[in-house]
Amino acid sequence: MNGTHGPNTAVIIPVKPIARAKSRLRPELGDVASSLALAMALDCATAALHCRSVDRVVVITDDPLVRHEMLARGAQVLPDHPADGIDAALAYAAERVSPRGLTVALQADLPCVRDADVERLICRSEAELTRNPSGVFVADAAGVGTTAVAIGSQASWRTHFGERSRARHRGAGLIELTDSSLNRMRVDVDTVADVTHARILGVGPATQALLGTVAVPIPRPS
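Here goes a summary of the coordinates provided. (Residues numbered from 1 in each chain as written. Predicted model: local features only at pLDDT ≥ 70, side-chain atom pairs only at ≥ 80, totals over all residues. Heavy atoms only, no water.)

1. Regarding empty space enclosed by the protein
Under the counting rule described, the total for this entry stands at 1 cavity of 30 Å³ or more. Lining the largest cavity are Leu36, Met40, Pro111, Val189, Val195, Ala198, Arg199, Val203, Thr207 and Leu211. Here the lining of the largest cavity takes 3 residues from helix 7 (residues 192-201), the largest share from any one element. Among the residues making up the lining of the largest cavity, the classes are represented as 8 nonpolar, 1 polar and 1 charged. (1 Å grid on protein atoms, 1.4 Å probe; cavity = no way out; pocket = protein on both sides within 12 Å on 5 of 7 lines; lining within 4 Å. Points joined across faces, edges and corners; volume = space filled by probe spheres on them. Helix = DSSP H or I, 4+ residues; strand = E, 2+ residues; numbered from the N terminus. Nonpolar A, V, L, I, M, F, W, Y, C, P; charged D, E, K, R; others polar.)

2. Observations regarding the state of the cysteines
In a disulfide, the sulfur atoms of two cysteines are held together by a covalent bond. This structure, assessed with the given rule, holds 0 disulfides. In this model Cys123 remains outside any disulfide bridge; the closest cysteine sulfur is found in Cys51, 8.0 Å from its own. What makes Cys123 partly exposed here is its relative accessible area of 34%. (Disulfide = S-S within 2.5 Å. Buried < 20%, exposed > 50% of the residue type's maximum accessible area, 1.4 Å probe, protein only.)

3. Examining the pattern of salt bridges
Two side chains of opposite charge can pair, provided their charged atoms sit close to one another. Throughout the structure, instances matching the rule amount to 10 salt bridges. Its salt-bridge partner being Glu119, residue Arg52 comes within 3.4 Å of it at the nearest N-O pair. In this pair, Arg52 is assigned in the loop between helix 2 (32-50) and strand 2 (56-60) and Glu119 in helix 5 (residues 115-129), connecting sequence segments 67 residues apart. We note a salt bridge from Asp179 to Arg124, for which the minimum N-O separation is 2.5 Å. You can see Asp179 sitting in the loop between strand 7 (175-176) and helix 7 and its partner Arg124 sitting in helix 5, a full 55 residues away along the chain. Several salt bridges share partner residues, and in doing so they unite Lys22, Asp109 and Asp190 into one network. (Salt bridge = Lys/Arg side-chain N within 4 Å of Asp/Glu carboxyl O.)

4. Side note on the nonpolar core
As a rule of thumb, soluble globular proteins bury nonpolar side chains together. Counting residues in each nonpolar core, the largest one holds 39 residues, and the members touching the most others are Val11, Ile13, Met70, Leu106, Val118, Leu121 and Met185. Ranked by the residues each element gives to this core, the list is headed by helix 2, at 9 residues. In contact with Met185, not counting residues within four places along its chain, are Leu106, Leu110, Val113, Asp117, Val118, Leu121, Val138, Thr147 and Ala148. If you look at the next biggest cluster of nonpolar residues, it comprises 19 residues, including Val58, Val149, Trp157 and Ala172. (Core = buried A, V, L, I, M, F, W, Y, C linked by side-chain atoms within 4.5 Å. Contact = heavy atoms within 4.5 Å.)

5. With respect to the pairing of strand 4 (residues 103-106)
Burial along strand 4 is two-sided: Thr103 and Ala105 and Val104 and Leu106, pointing in opposite directions, are all buried. By the bridge criterion, 4 bridges tie strand 4 to strand 6 (residues 146-151) in an arrangement that is antiparallel. Residue pairing across strands places Thr103 opposite Ile151, the latter belonging to strand 6. (Pairing = 2+ DSSP bridges.)

6. Section: the layout of surface pockets
Estimated volume of the largest pocket: approximately 850 Å³. Contributing to the lining of the largest pocket are 32 residues, with Lys16, Lys22, Ile86, Gln107 and Asp109 lying nearest its centre. Counting only elements with at least two residues in the lining of the largest pocket, the list comes to helix 2, helix 4 (86-97) and strand 6. Sort the elements by how many residues they give to the lining of the largest pocket and helix 2 lands first, with 3 residues. Classifying every residue of the lining of the largest pocket by side-chain character gives 13 nonpolar, 9 polar and 10 charged.

7. Notes on helix 3 (residues 64-73)
Looking at where helix 3 begins, the residue whose side-chain oxygen comes 2.9 Å from the main-chain nitrogen of Leu65 is Asp63. Residue Gly74 follows helix 3 closely and has a positive phi angle near 105 degrees. (Polar contact = N/O pair within 3.5 Å; in protein donor to acceptor, adjacent residues only side chain to side chain.)

8. As for the sheet that holds strand 5 (residues 136-139)
Pairing in this open sheet of 7 strands is mixed, and the strands run 3-2-1-4-6-5-7 from one edge to the other. Here the strands that pair on one side only, and so sit at the sheet edges, are strand 3 (76-78) and strand 7. The strands touched by helix 4 are strand 1 (10-14), strand 2, strand 3 and strand 4; relative to strand 1, the strand with the most contacts, the crossing angle is about 150 degrees. (Axes fitted to C-alpha atoms, helices over the stretch in contact; angles between N-to-C directions.)

9. Focus: the packing of helix 2 against helix 3
At their nearest, the axes of helix 2 and helix 3 sit 11 Å apart, and the two run at 25 degrees to each other. Accordingly, the angle class assigned to the pair helix 2 and helix 3 is roughly parallel. As helix 2 runs across helix 3, the sense of the crossing is right-handed. Residue-level contacts link Leu38, Ala41, Leu42, Ala45, Thr46 and Leu49 of helix 2 to Leu65, Val66, Glu69, Met70 and Arg73 of helix 3. Class assignment for the residues of the contact of helix 2 with helix 3 results in 8 nonpolar, 1 polar and 2 charged. (Parallel < 35°, antiparallel > 145°, perpendicular 65-115°, else oblique. Left-handed = near helix turned anticlockwise from the far one by under 90°.)

Shape is all these values report; function is a separate question.
This is the structure:
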């Protein structure tokens, strides 16, 4: 990694304990949901680690297995602050790892993301931040949540993840990136239908290896 886009370009990825992750998948996938959560997080972190414009990848977690796997791949790991929520944990990490450069918060359940997608996000973010320094974000495929936020050194760190975060990020003055080239970054996984969509688009190696060993139910038509 060699930050071609300026000093201290960092990606921060929050990962909750995998035993509690992907609760909406558990009724249909059981314990596989935990393995899937870990695999997706590893693929997401690997994409950021392989991106030539990223200097540091920081994972926020209290899960010992996640910590071990992420450290083995070259990521930095910081402890979570569950009592304060994801936005407080991201703010704490952002202050510590990248006070002078672009900082990207990336959700951990984006199995389709590749290093080229992270590169495009960084390039588009820096172009937009020259016009609007408040920050930018990428909405999920459903148009309700948020999968990524990028904020430059000239703005205070602020994110609004959680329920209906797309509307809250827009309300806070962040600019939504709507480029179709970022569509792989919009695919977060919460349901079996999301798993099917992600497989069609193409998932990372860890997720692919896991899904090759388990039977995922075919989602029922809505």
